[in-house]
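Coordinates in review
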Amino acid sequence: MARRMAVRITVSVAAILVVVAGWLWFFPSGTGEFRHSPDGRFTAHAMNMTTGTITGGRDRYIKIRVVEGSSGREVWRIVQGHTAEADVPDYGTRGKRFIAWAPDSSSVTVPVADGRELVLPVR
């Protein structure tokens, strides 16, 4: 009886570990930067993201969002996939700023792949 209980516990723990590992593999993760607009109304986020695929690879993409602070309303959301070899900024680099707000908070500029910049109006 005790041996049967030990087997059940071992199988249960193994199943839980498999579920957690699968969840961690497919859960999106990444690094990035955020900056508040000069007038404090908006926050821009630029993130490098990855998520696991069913075939064992990784999908890579950048996600850029602009959120209105008072309401939490998402003004912009851009998701752009890329390969591992693509020339995209590493928004998680500390000591370097990628997000640039216009002085009047009317737009935000974020660099994207291959030296291009994305300008997003927010008014």
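Before reading on, note that the structure itself is shown above.
Residues numbered from 1 in each chain as written. Predicted model: local features only at pLDDT ≥ 70, side-chain atom pairs only at ≥ 80, totals over all residues. Heavy atoms only, no water.

As for the overall build of the protein
What counts, and what does not: Comment: elements are numbered from the N terminus, with helices defined as DSSP H or I runs of at least four residues and strands as E runs of at least two. The reference for a compact globule is 2.2 Å times residues^0.38; the radius of gyration itself is calculated from the C-alpha atoms. Burial status follows relative accessibility: with a 1.4 Å probe on protein chains alone, a residue under 20% of its type maximum counts as buried, one over 50% as exposed, and anything between as partly exposed. The charge count includes Lys and Arg as positive and Asp and Glu as negative, but it does not include His or the ends of the chains. In plain terms, the charge of a residue is placed at NZ if it is Lys, CZ if Arg, CG if Asp and CD if Glu.
Secondary structure summary: the protein contains 1 helix and 7 strands in total. Going residue by residue from the N terminus, the α and β elements of the protein occur as α-β-β-β-β-β-β-β. For the protein, the C-alpha radius of gyration of 21 Å lies well beyond 14 Å, the compact-globule estimate for 123 residues. For the C-alpha atoms alone, the extent of the protein along its principal axes is close to 75 × 35 × 25 Å. Counting across all 123 residues of the protein, residues that qualify as buried make up 30%. Between the averaged position of the 16 positive side-chain charges in the protein and that of its 11 negative side-chain charges there is a distance of 13 Å.

A few points about the sheet that holds strand β7 (residues 117-121)
Our working definition: Whether two strands pair comes down to DSSP finding at least two bridges between them.
Across the sheet, which stays open at both edges, the 3 strands sit in the order β5-β6-β7 with antiparallel pairing between neighbours. Because the sheet does not close on itself, it has two edges, and the strands there are β5 (100-101) and β7. Looking at chain direction, β5 and strand β6 (residues 107-111) are connected through 2 bridges and run antiparallel. From the neighbouring strand, Ala100 faces β6, where its bridge partner is Thr109.

A closer look at the nonpolar core
How we decide: Residue types Ala, Val, Leu, Ile, Met, Phe, Trp, Tyr and Cys, when buried and joined through side-chain atoms within 4.5 Å, form a set referred to as a nonpolar core. The criterion used for residue contact is that any of the two residues' heavy atoms lie within 4.5 Å.
Counting 15 residues, the largest nonpolar core has Ile64, Val66, Tyr91, Ile99, Trp101, Val108 and Val110 as the members making the most contacts within it. Elements with a contribution of two residues or more to this core: β2 (42-52), β3 (58-68) and β6. Those residues in contact with Val108 that lie beyond four places of it in its chain are Ala44, Val66, Ile99, Ala100, Trp101, Leu118, Val119 and Leu120.

Thoughts on the sheet that holds β2
Spelled out, the test is: Every axis in this analysis is a line fitted to C-alpha atoms, fitted for helices over the stretch in contact. Angles between the N-to-C directions lie between 0 and 180 degrees.
In spatial order, the strands read β1-β2-β3-β4; together these 4 strands make up an open sheet with antiparallel pairing. For this open sheet the edge positions go to β1 (29-36) and β4 (74-82), each flanked by a neighbour on one side alone. Taking the axes of each pair of neighbouring strands and ignoring which way they run, one obtains an average angle of 10 degrees across the sheet. As paired strands, β2 and β3 are joined by 11 bridges and run antiparallel to one another. Counted as the bridge partner of Ala46 is Ile64 from β3.

Side note on the packing of aromatic side chains
Put simply, the test is: Note on ring pairs: Phe, Tyr and Trp rings are taken, using the six-membered ring of Trp, and paired if centres are within 6.5 Å. Classes follow the plane angle, with under 30 degrees stacked, over 60 edge-to-face and the rest tilted.
The full count for this structure, using the stated rule, is 2 aromatic pairs. Both rings, one in Phe42 and one in Trp101, keep their centres 6.3 Å apart while their planes meet at 20 degrees; by these two values the pair is stacked. One end of the pair, Phe42, is in strand β2; the other, Trp101, is in strand β5, and 59 residues separate them in sequence. Here Phe42 and Trp101 have matching classes, each one buried. Geometrically, the ring pair formed by Tyr91 and Phe98 is edge-to-face, given 5.5 Å between the ring centres and 90 degrees between the ring planes. Here the two residues Tyr91 and Phe98 agree in accessibility, since each one is buried.

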